Amino acid sequence: MIPRASFWKSEGRLLQGLLWLISALFICIMVITWKASEKAHPVLLDLETGKPVAERPAL
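Residues numbered from 1 in each chain as written. Predicted model: local features only at pLDDT ≥ 70, side-chain atom pairs only at ≥ 80, totals over all residues. Heavy atoms only, no water.

Attention now moves to the overall build of the protein chain. Looking only at helices and strands, the protein chain has one helix and zero strands in total. Expressed as a percentage of its 59 residues, the buried residues of the protein chain come to 2%. (Helix = DSSP H or I, 4+ residues; strand = E, 2+ residues; numbered from the N terminus. Buried < 20%, exposed > 50% of the residue type's maximum accessible area, 1.4 Å probe, protein only.)

Below, the discussion takes up a nonpolar patch on the surface. Residues Phe 26, Ile 27, Met 30, Val 31 and Trp 34 make up a contiguous nonpolar surface patch of about 540 Å² in total accessible area. Following the sequence through the fold, Ile 27 ends up in helix 1 (residues 11-39). For Ile 27, a relative accessible area of 53% corresponds to the exposed category. (Patch = residues over 30% accessible without salt bridge, like charges linked within 9 Å, V, L, I, M, F, W, Y side chains within 5 Å. Areas by Shrake-Rupley, 256 points an atom, 1.4 Å probe, with all protein chains shown as cover. Salt bridge = Lys/Arg side-chain N within 4 Å of Asp/Glu carboxyl O.)

Printed below as a string of structure tokens:
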């Protein structure tokens with residue numbers, strides 16, 4: 001007798017829905033974090049002098 005691949009009939013739909021839910025939650029958390037970091041107006045400091053840098057460094 002060959003065992004079945006799933007425990008119940010709609011397991012695939014449940015797992016797919018859970019995947020979409022977790023993906024959407026992750027994206028929402030990333031957007032909220034991005035907006036909060038933009039709102040904070042971070043100031044870049046020079047490592048040698050400790051004074052603010054006039055322009056952003058090229059990445």
